[in-house]
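# Commentary on secondary and tertiary structure
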Amino acid sequence: MKLTFMKTLTVFRNYWRAERGALVGWAVGLAAYAYYISAFYKSTEHDWQPLLEYLNHMPAGLKALVGGELSSRTVAGWLRLELLSYLPMLASIYVSIVVAGIISKEIERGTAEFLFAQPISRARLVLTRFVGLALNLAILHLVVFGGAWVGIASIGEEFPAWVALRTVSVAWLAVMAVAALLLLISVFVPDYTRTLFTGLGVSTALYVLTVALRASGRENALTAWTIFGHYDPAKLVESASGVWEHAAILAATTIVFLTAAVLIFRRRDLRL
Amino acid sequence: MAVIATVKLSKSYGRQRGIEDVTLTVEKGEIFGFLGPNGAGKTTTIRLLLGMLLRTGGTAHVFGLNVDRDTLAIRARTGYLPSDASLYPHLRGWDLVDFVLATRGLRDRSRARSLAGRLGVDLGLRVKQCSRGMRQKIAIVATLAHDPELLVLDEPSTGLDPLVQHVLADLLREETARGKTVFLSSHNLAEVESLCNRVAIIREGVVVKVDEVSSLRGMHFKTVTARFGTAAGSGGGEPGSGGRPNFLTIPGVRLVENGSGPAAGVRDHAGGAAQSGWITLKVTGDLRPLLERLASSSLQDLRVEDPTLEEVFMQFYSGDSGAGVGGEQR
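Residues numbered from 1 in each chain as written. Chains lettered and ligands numbered in written order. Predicted model: local features only at pLDDT ≥ 70, side-chain atom pairs only at ≥ 80, totals over all residues. Heavy atoms only, no water.

## Details of the overall build of chain B
The condition is simple: The helix count covers DSSP runs of H or I at least four residues long, the strand count covers runs of E at least two residues long, and both are numbered beginning at the N terminus. Type-normalised accessible area, obtained with a 1.4 Å probe on protein chains alone, sets the label of each residue: buried when under 20%, exposed when over 50%, and partly exposed for intermediate values. A contact between two residues is defined here by any heavy atoms of the two lying within 4.5 Å. Per-residue and other accessible areas were derived by the Shrake-Rupley procedure at a 1.4 Å probe size, with only the shown protein chains allowed to occlude residues.
Along chain B, the regular secondary structure elements total ten helices and 14 strands. With 330 residues in all, chain B has 52% of them scored as buried. When contacts within chain B are restricted to residue pairs at least 6 apart in sequence, long-range pairs at least 24 apart make up 70% of them. For chain B, the accessible surface area stands at approximately 14000 Å², while carbon and sulfur atoms represent 49% of it.

So, in structure tokens, the structure goes:
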């Protein structure tokens, strides 16, 4: 039991060390982005009318792209428009890069042979690294939450913390489900570059599909078939209705993809 | 009990050839050489033993443990040095050693420190700061750091200078003296010849020979260099042979080289270089018919040599070995 824990901790620590540089870079970038977007709300205070008109006259598709029916005259509407709508897409870029590194990067740079010569099971390796990814992703989402909160506070406005936390948490779950899907794909693609660009392509396609379906008003198909469909910042900002249902679906999706990835990876040759 | 035992172990990659019916037994305390050119199946065999690949036929056991079911237990007791090992560039040598130790529940760095001292490597350096030879030394230290019972080494001397190669050879001899087992895959035939008790030769995925190095060198052919005086022997000459008997009619005898003047290593009676005719023959099988005919010639000096391992190896790959294919040949 002690050895099992020690092995897991070793894999986790090793992975964390490798990823911490990228994590710090992304965290600083996202925190700055969240802070400036939030603080910028003040500058629209006196000139909101043209912006509002512009937004309200947008085609439905474009409105869907930026978060649905808009009310940029409130802090919640502003954050939804400028930050929360794009958050999963930004996080998906990070996830595509990191997931490609879990298996494919090890194989491409030749370190997999050293790694898999150690008494660490493939399942433990993948699961431990996925947990590391989940933690890093949670930190990034919390950083966005913190950056936005500080930005809003700095201009003397308020945005309920629990509303922001609720929205950011569902965004995190949606990106985790995408990460699990990309991990499953990466099991079949041992080449790092191909895994990376496949991941970017799949996550972007899912996001665009969600926006397209949302713009065309097919909410049922959207929620049933896409991952990002379970993350609707417009609804999350306005009410807590359905939050647990969407969160449960996203968590279950993550578990299903992750389990499939681990089971398949365990029974495949390592093409080193 | 054998440390490594495979029976008809096979791996197929669909259309691509892997290995076929590889049967090997490696005993405790021996240095076992595994020879073959690139793509012959050496690394595939090693990866099957360590559970990185899944076999498509046969069985394989390491320490009596099944390579399919007990992979982690096998790896815990094995130190594997991959060919041209790639290490994490951002880590220091000590990080790698600690990682290897920690995955086995160990912490003691003393053995790694001692190995690093002998190999002359600074484990405080990051891998990306190291030359190829230094990286190889770090990989060797990491492989040996947990004092494994079995060492699986794939081209271990790659990138090492001759001095360090000697240190490594000494280390491996010491390990086997302590009861450890070494499975050495190498292109360096001189290294294998000097280190190994037994070798297996693999060709196109099939083990064509497993034998002791000395037997392997002795059983296949011998190189015979003979120097003759000016007087013709009584064995019957042929035009242009300088009166020498025609040895090439003897079954299993093949001409390598002949000529006049000094023959390497063959001296005349006065100790000077032989100035008369000489001939170098390769003899497969019984030497007696040749010796009888030589005795009846104007033979002045004779040298009979076993082939080097390289010559044996090349014979297997030139396709004229006549060796059986597959199966355990102990």
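From this point, the discussion proceeds with the structure in view.
## A few points about the overall build of chain A
Put simply, the rule reads: Here the globule rule reads 2.2 Å times residues to the power 0.38, and the radius of gyration is calculated from C-alpha atoms. Neither His nor the chain ends contribute to the count of charged residues, in which Lys and Arg are positive and Asp and Glu negative. Throughout, a charge is located at the NZ atom of Lys, the CZ atom of Arg, the CG atom of Asp or the CD atom of Glu.
Within chain A, the secondary structure is distributed over 13 helices and zero strands. Listing every helix and strand of chain A by position from the N terminus yields α-α-α-α-α-α-α-α-α-α-α-α-α. For 272 residues, the compact-globule estimate of 2.2 N^0.38 gives 19 Å, and the C-alpha radius of gyration of chain A, at 20 Å, lies within 12% of that figure. Projected onto its principal axes, the C-alpha positions of chain A cover 65 × 40 × 30 Å. Intrachain contacts of chain A at a sequence separation of at least 6 include 77% that bridge at least 24 residues. Surface accessibility of chain A: about 12200 Å² in total, with carbon and sulfur atoms responsible for 67%. Charge-centre separation for chain A: the mean point of 23 positive side chains lies 14 Å from the mean point of 17 negative side chains.

## Digging into the confidence of the model for chain B
All names here are of chain B. Threshold: pLDDT: the predictor's confidence for each residue, scored from 0 to 100.
Mean pLDDT over chain B: 83, with 85% of residues reaching 70 or higher. In this model, residues 231-240 is a region of pLDDT below 50 whose contacts with residues beyond four sequence positions or in other chains number 19 contacts. Across residues 267-275, confidence stays below pLDDT 50; counting only partners more than four residues off in sequence or on other chains, it has 18 contacts. Interface confidence for the predicted complex, given as ipTM, is 0.82, next to a pTM of 0.80.

## Focus: the pattern of salt bridges
We apply this condition: We define a salt bridge as a side-chain nitrogen of Lys or Arg found within 4 Å of a carboxyl oxygen belonging to Asp or Glu.
One pass over the structure, following the stated rule, counts 19 salt bridges over all chains. Across the pair A:E113 and B:R47 runs a salt bridge, and its minimum N-O distance is 2.8 Å. Linking A:E113 in helix 7 (residues 112-115) with B:R47 in helix 1 (residues 42-49), this pair reaches from one chain into another. Exposure remark for B:R47: the relative accessible area of 16% places this residue in the buried category.

## So, the packing of helix 5 (residues 87-102) of chain A against helix 9 (residues 161-188) of chain A
Residue and element names in this part refer to chain A. Quick note on the threshold: A fitted line through C-alpha atoms serves as each axis, taken over the contacting stretch for helices, and the angle formed by two N-to-C directions is quoted from 0 to 180°. Rotating anticlockwise by less than a right angle from the far helix to the near helix defines a left-handed crossing, while the corresponding clockwise rotation defines a right-handed one. The classification used treats Ala, Val, Leu, Ile, Met, Phe, Trp, Tyr, Cys and Pro as nonpolar, Asp, Glu, Lys and Arg as charged, and all other residues, Gly among them, as polar.
Two numbers describe how helix 5 lies on helix 9: the axes approach to 9 Å, and their chain directions differ by 35°. Remark: the crossing between helix 5 and helix 9 carries right-handed chirality. Judged by residue contacts, L87, P88, A91, S92, V95, S96, V99 and I102 of helix 5 engage V168, A171, V175, V178, A179, L182, L183 and S186 from helix 9. Taken together, the residues that form the contact of helix 5 with helix 9 break down as 13 nonpolar, three polar and no charged.

## A short note on the confidence of the model for chain A
For residues with low pLDDT, the predicted coordinates do not support detailed interpretation. Looking at chain A as a whole, its pLDDT mean stands at 88, while 96% of the residues score no less than 70. Of all helices and strands in chain A, the one with the weakest mean pLDDT is helix 3 (residues 60-65) of chain A (68), whereas helix 13 (residues 243-266) of chain A scores best (95).

## Considerations on the packing of helix 1 (residues 2-39) of chain A against helix 8 (residues 122-154) of chain A
Residues and elements named next belong to chain A. Defined as follows: For classification, angles of less than 35 degrees are called roughly parallel, those exceeding 145 degrees roughly antiparallel, those between 65 and 115 degrees roughly perpendicular, and all remaining angles oblique.
In the contact formed by helix 1 and helix 8, the axes pass within 7 Å of each other and the chain directions differ by 25°. The orientation of helix 1 relative to helix 8 falls into the category roughly parallel. In the crossing of helix 1 with helix 8, the sense of the turn from one axis to the other is right-handed. Across the contact of helix 1 with helix 8, the residue classes tally to 22 nonpolar, nine polar and four charged.

## Regarding the sheet that holds strand 9 (residues 198-203) of chain B
Residue and element names in this part refer to chain B. Selection rule: Each pair of strands is called paired provided DSSP finds at least two bridges between the two strands.
One open sheet holds the six strands; their spatial order is 6-7-8-3-9-10, and the pairing between them is mixed. A strand with exactly one partner marks an edge of an open sheet, and here the two such strands are strand 6 (78-81) and strand 10 (206-212). Sheet twist, expressed as the average angle between the axes of neighbouring strands with direction ignored, equals 15°. Pairing between strand 7 (residues 150-154) and strand 8 (residues 181-186): five bridges, direction parallel. Paired with D154 across the two strands is S185, which belongs to strand 8.

## So, the packing of aromatic side chains
To keep things clear, this is the line we draw: Only Phe, Tyr and Trp rings take part, Trp by its six-membered ring, and two of them pair if their centres are within 6.5 Å. Stacked means planes under 30 degrees apart, edge-to-face means over 60, and tilted covers everything else. In this scheme, Lys NZ or Arg CZ marks a charge over a ring once it lies within 6 Å of the ring centre and within 35 degrees of the ring normal.
Across all of its chains, the model carries twelve aromatic pairs over all chains by this definition. Ring centres 5.3 Å apart and planes at 65° place the aromatic pair A:W26 and A:Y94 in the edge-to-face group. In this pair, A:W26 is assigned in helix 1 and A:Y94 in helix 5, connecting sequence segments 68 residues apart. A relative accessible area of 24% places A:W26 in the partly exposed class. Linked through ring pairs, A:F40, A:Y41 and A:W78 together constitute an aromatic cluster. When the ring centre of A:F265 is taken as origin, the NZ or CZ atom of A:R122, which lies over that ring, is 5.6 Å away. Stacked on the ring of B:F63, the Lys or Arg B:R77 has its end atom at 4.0 Å from the ring centre.

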